[in-house]
Amino acid sequence: AQSVAQPEDQVNVAEGNPLTVKCTYSVSGNPYLFWYVQYPNRGLQFLLKYITGDNLVKGSYGFEAEFNKSQTSFHLKKPSALVSDSALYFCAVRDLGYGGSQGNLIFGKGTKLSVKP
Amino acid sequence: DSGVTQTPKHLITATGQRVTLRCSPRSGDLSVYWYQQSLDQGLQFLIQYYNGEERAKGNILERFSAQQFPDLHSELNLSSLELGDSALYFCASSVLPPTYGYTFGSGTRLTVV
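The structure presented is a predicted model; accordingly, all values stated were derived computationally and were not measured.

Can you tell me about unusual backbone geometry, naming the residues and giving the values?
With glycine set apart, most residues show a phi of negative sign, and most peptide bonds adopt trans. Residue and element names in this part refer to chain B. In this chain, Thr7 is followed by Pro8 through a cis amide linkage whose omega measures -10 degrees. Mapped onto the fold, Pro8 is located in the loop between β1 (5-7) and β2 (10-13). The phi torsion at Asn51 lies on the positive side, around 50 degrees, for a residue other than glycine. Counting through the fold element by element, Asn51 comes out in the loop between β5 (42-50) and β6 (53-57). Exposure remark for Asn51: the relative accessible area of 47% places this residue in the partly exposed category. Phi is positive for Ser80, which is not a glycine, with a value near 45 degrees. As for its placement among the helices and strands, Ser80 is situated in the loop between β8 (74-78) and β9 (87-94).

Which residues make up the pairing of β6(B), and what are the values?
Residues and elements named next belong to chain B. Examined bridge by bridge, β5 and β6 share four bridges and lie antiparallel to one another. By the bridge assignment for β6, Gln48 is matched with Ala56. Count of turn residues in the β5/β6 antiparallel hairpin: two residues, of which Asn51 carries a positive phi of about 50 degrees.

I'd like to hear about the environment of B:Gln68, residue by residue, with values.
All names here are of chain B. Checked against the element boundaries, Gln68 lands in strand β7 (residues 64-68). Judged by relative accessible area, which is 6%, Gln68 ranks as buried. Along the chain, Gln68 and Ser31 lie 37 residues apart, while their C-alpha atoms are 9.2 Å from each other. Ignoring any residue separated from it by four or fewer positions in sequence, one finds Gln68 in contact with Leu30, Val32, Tyr49, Tyr50, Asn51, Gly52, Glu53, His73 and Ser74. Here the side chain of Gln68 touches Gly52 through a polar contact of 2.8 Å, landing on its backbone nitrogen. Here the side chain of Gln68 touches Leu72 through a polar contact of 3.1 Å, landing on its backbone oxygen.

Explain the interface of chain B and chain A to me, and be specific about the residues and the numbers.
Counting residues at the interface gives 20 residues for chain B and 21 residues for chain A. Each partner contributes to the roughly 1,500 Å² buried at the junction of chain B and chain A, and carbon and sulfur atoms together form 55% of this total. Counting across the chain B and chain A interface gives zero salt bridges. Elements represented by at least two residues in the side of chain B that touches chain A include exactly β4 (31-38), β5, β6 and β9 of chain B. Along the lines of polarity and charge, the residues of the side of chain B that touches chain A split into 12 nonpolar, six polar and two charged.

Here is what the cut-offs are and how they apply
Residues numbered from 1 in each chain as written. Chains lettered and ligands numbered in written order. Predicted model: local features only at pLDDT ≥ 70, side-chain atom pairs only at ≥ 80, totals over all residues. Heavy atoms only, no water. Helix = DSSP H or I, 4+ residues; strand = E, 2+ residues; numbered from the N terminus. Buried < 20%, exposed > 50% of the residue type's maximum accessible area, 1.4 Å probe, protein only. Pairing = 2+ DSSP bridges. Contact = heavy atoms within 4.5 Å. Polar contact = N/O pair within 3.5 Å; in protein donor to acceptor, adjacent residues only side chain to side chain. Buried area = accessible area lost by both parts, 1.4 Å probe. Salt bridge = Lys/Arg side-chain N within 4 Å of Asp/Glu carboxyl O. Nonpolar A, V, L, I, M, F, W, Y, C, P; charged D, E, K, R; others polar.

Dropping the structure here:
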């Protein structure tokens, strides 16, 4: 079955330090991978996606993600964290299985990022 | 503004009541998805419609129903409400296949008292 996992419920980082939010996936075939961010009381906002090509994907707000096929991972990174980056981050993979949900996105449980001054 | 419009933004109602949440998808998107987000259960997929037809069903209770109209807007109906139905309800839209992901609305916060 297609799935995505975010192993950390919460990540704490000091402002100015690099941050990593982890995501691993399990799909049959080539994955389509996404990261979304959710600020308090807001909807999910698209950050970046990997479909094909360069393994390092750059997205909004200075975020980037590295696709690693051998480790089936798609970790979100930022070289220097800001307090304003504090939010809930969701990784998602496109379901490449069969049935009515084929093509739909499967979301991870989310990781709360807390950046302290 | 994401282009996906959800109304109302907030809703407070009593147990046993029925409410309707509305979603207008981004222009050009034929597929609409409904999600429930509560503190203890994360983001739960409820149901998907594509061009007026139900396409996929997730963890949607029998007390809940949805439909998508010819103008592509969608409504989520929640009936016999319980305290545990208090949550954020999100609508998202996309083209199919969703190669470029989903666009989410800002949600409706439902409080059942």
